[in-house]
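Here are the chains, one letter per residue:
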Amino acid sequence: MAPILPRQFQPELPVDQLILTNPPGAEALEMDVLFVGAGPAGLAGAIELAKLVKRDQASGGGMPDIDIGVLEKAGSLGEHSLSGAVINPRALRELFPELKDADFPFRQPVSGEAVYLLAERGSLRLPTPPTMHNHGFYTASLCEVVRWMGEQAEALGVNIFPGFPVASLLVEGRAVKGVRTMPSGLDRDGNPTSAYQEPTDLTARVTVLTEGTRGTLGQAWRAWQGVKSANPQIFALGVKEVWRVKRPLDRVIHTLGWPLPRSAFGGTWLYPLGPDLVSLGLVVGLDYPETGLDPHVLLQRLKLHPLVRPLLEGGELLEWGAKTIPEGGYYALPERKSGEGLLMAGDTVGFVDVPSLKGVHYAMQSGIYAARAAFEALKTGDVSAARLAAYDRMVDTSYIVSDLHRTRNMRLAFKHGFVAGGVKAGLMSLTGGRFPGGQIVMHEDAERPRVETHPAPFTPDSTLTFSKVDAVFKSGNATRDTIPVHLLAGRDIPPEVAEFYVHLCPAGVYERVGDQLRINAPNCVDCKATDVLGPRWTPREGGSGPKYRLM
Ligand SMILES: Cc1cc2nc3c(=O)[nH]c(=O)nc-3n(C[C@H](O)[C@H](O)[C@H](O)COP(=O)(O)OP(=O)(O)OC[C@H]3O[C@@H](n4cnc5c(N)ncnc54)[C@H](O)[C@@H]3O)c2cc1C
Ligand code: SF4
């Protein structure tokens, strides 16, 4: 059987729907600065901008009041947020110099850490690699951090609009002038029901894309403007659970090896979130070479390992979720992150350092820089690409880019599997990123051929291990099952490709029925994995998707 090339079955990104040249409607809501996405990047940006305006006014700088908006697709803040998370507090300290670490909504300081290499029945403790030292950092639930940041932003006068997914950028010439949101209340065929709400247009002098991983608008804007990067962006998928446990976990744990095959890049984590909660998850690079790899099943298998099982036994699964991570690092950063009327911050740009699994503080820090650039642009009345390029200069000379440069080839070294990658990454770590020099060239994940494999079926016990259907229930997803399908699949998907999507999607959205692909779109938790390798994800009615509380 010839290998499957995912790209061959993937539709093009619908750029013409995502970038609209229509002028904003007459009823458009006027804002000065709009952040698209209320994650750490968007909220840090909104908070910093509101503070800059207040500081300027207090010092007699003459800046008038401005309208700052944050649009979020989740029904309420934090419901679409998912991370590990161990958080480096550096950017939060810069954003709130008046607060102490104890004031931040963290769960606990990292008090110990361990790294293990797993085999199916055993484990070997490894020395902690320098990139994985987490002393001085904190464990947290990103949902809680985001909800808290939302409160801080509102207290500063920021307008937050949850339940408003942005469907398109409104442009004029090469300038971004604002956004159009998704309508709601459409039936399965796209016809208005009695609950129909029209799209809303919002104009802004500066629009900041902070839409997170595999940002749809960011992809479209870059394609439209022809913005390149040295390597294409590559992604991993993370699947995560939060458990109530009987005994506290006393340290942060990372594992390598089993249950991942040697051909795949990834690992797992277990983080304590206070005395009776544990976050555990598995991350796998989406360049894995076989069709039968199932990230959800791998996480279920992990829980049966002798290192993990005793910790969870007698406990309770509280929440389940999934999300992708941009893993391309330094060489996948776009050559510019700004344009006329537009800035991009956080995961949509790719500010994640994979060897340390950190993105939250980079997202916040880039949001802060975006706010500073937007503030200067408004102050001078010049939102041209040349003026907003000040943001690129701030980011490029910051610790965000220098950190990513130091680990520039470490993830990329794993493109030929775990063993060769581990040796090379160790040498890179020892030489501060100088070995092997140059750039390891990568291709898009969808360009990697997949060999057809058929894994043994896995039967969950519904106590420690769960099916995808149970998992989606635990994500809180209660999307109306009559909304239009928001996933754009290719035509005539062969059965073996349908099977590949079935394994890939952690939420059981894809089914193979006979030789046909069936799409249960309401199950989707917006992880974006199939946007990377298969059917395209597009925005859907506000409030659809998961309702995470602790992720
Ligand atoms: C499994 C996993 C584990 C991780 N572990 C860690 C860790 O331990 N430590 C760490 O520092 N980092 C970790 N990261 C990375 C970190 O979570 C991200 O780097 C960070 O959340 C990025 O912030 P962001 O604001 O750019 O994006 P996000 O947090 O993804 O926020 C983007 C927001 O935009 C919204 N949005 C998207 N599209 C639209 C639209 N069209 N309209 C309106 N709203 C939209 C989304 O709903 C979301 O709320 C992890 C990530 C994952 C997936
Ligand atoms: S269909 Fe939704 S949940 Fe499934 S992989 Fe794609 S984005 Fe993730």
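None of the values given here were measured: they were computed from a predicted structure.

1. Focus on the site of ligand 2
Here's step 1: As a matter of local geometry, ligand 2 sits amid L487, C505, P506, A507, V509, Y510, C524, V525, C527, K528, A529 and T530.
Here's step 2: When the residues that make up the shell around ligand 2 are grouped by side-chain class, the tally is ten nonpolar, one polar and one charged.

2. Focus on the sheet that holds strand β5 (residues 86-87)
Strand pairs in the sheet, formed through backbone hydrogen bonds, run parallel or antiparallel to each other.
Here's step 1: Taking strand neighbours across the sheet as the criterion, the three strands line up as β5-β9-β6 in an open arrangement whose pairing is antiparallel. Across the chains shown, the open sheet's two edge strands, defined by having one partner strand only, are β5 and β6 (108-109).
Here's step 2: Pairing of β6 with strand β9 (residues 138-139) involves two bridges; the strand directions are antiparallel. The partner of Q108 across the bridge, within β9, is T139.

3. What to know about the site of ligand 1
Here's step 1: Close contacts around ligand 1 come from 36 residues, with E72, S83, V86, V166 and D347 the closest.
Here's step 2: With respect to ligand 1, the side chain of E72 contributes an N or O atom lying 2.7 Å from an oxygen atom.
Here's step 3: Residue G84 places a main-chain N or O atom 2.9 Å away from a nitrogen atom belonging to ligand 1.
Here's step 4: Summarising the interface, the protein chains cover 99% of the accessible area of ligand 1, which totals 1000 Å² for the free molecule.

4. Structural notes on the pairing of strand β17 (residues 235-244)
Here's step 1: Taken across its ten residues, β17 has nine buried, putting it largely inside the fold.
Here's step 2: Where β17 and strand β21 (residues 316-326) come together, ten bridges link them in antiparallel fashion. Across the sheet, E241 pairs through a bridge with W320, a residue of β21.
Here's step 3: Relative to strand β20 (residues 277-285), β17 runs antiparallel, the two being bridged by nine bridges. Looking across to β20, one finds that V242 is bridged to S279.

5. Thoughts on the pattern of salt bridges
Here's step 1: The final tally for this structure, using the stated rule, is 29 salt bridges.
Here's step 2: D32 is the partner of R205 in a salt bridge, and the nearest nitrogen-oxygen pair spans 3.0 Å. Placement of the pair is R205 in the loop between β15 (201-203) and β16 (206-209) and D32 in the loop between β2 (29-30) and β3 (33-36), with a sequence separation of 173 residues.
Here's step 3: Of the charged contacts, one joins D250 and R251 as a salt bridge, the two residues approaching to 3.0 Å between their closest N and O atoms.
Here's step 4: Salt bridges linked by common partners bring R7, E444 and E447 together as one network.

Reading the values: rules and limits
- Residues numbered from 1 in each chain as written.
- Chains lettered and ligands numbered in written order.
- Predicted model: local features only at pLDDT ≥ 70, side-chain atom pairs only at ≥ 80, totals over all residues.
- Heavy atoms only, no water.
- Near = heavy atom within 4 Å.
- Nonpolar A, V, L, I, M, F, W, Y, C, P; charged D, E, K, R; others polar.
- Pairing = 2+ DSSP bridges.
- Helix = DSSP H or I, 4+ residues; strand = E, 2+ residues; numbered from the N terminus.
- Polar contact = N/O pair within 3.5 Å; in protein donor to acceptor, adjacent residues only side chain to side chain.
- Areas by Shrake-Rupley, 256 points an atom, 1.4 Å probe, with all protein chains shown as cover.
- Buried < 20%, exposed > 50% of the residue type's maximum accessible area, 1.4 Å probe, protein only.
- Salt bridge = Lys/Arg side-chain N within 4 Å of Asp/Glu carboxyl O.

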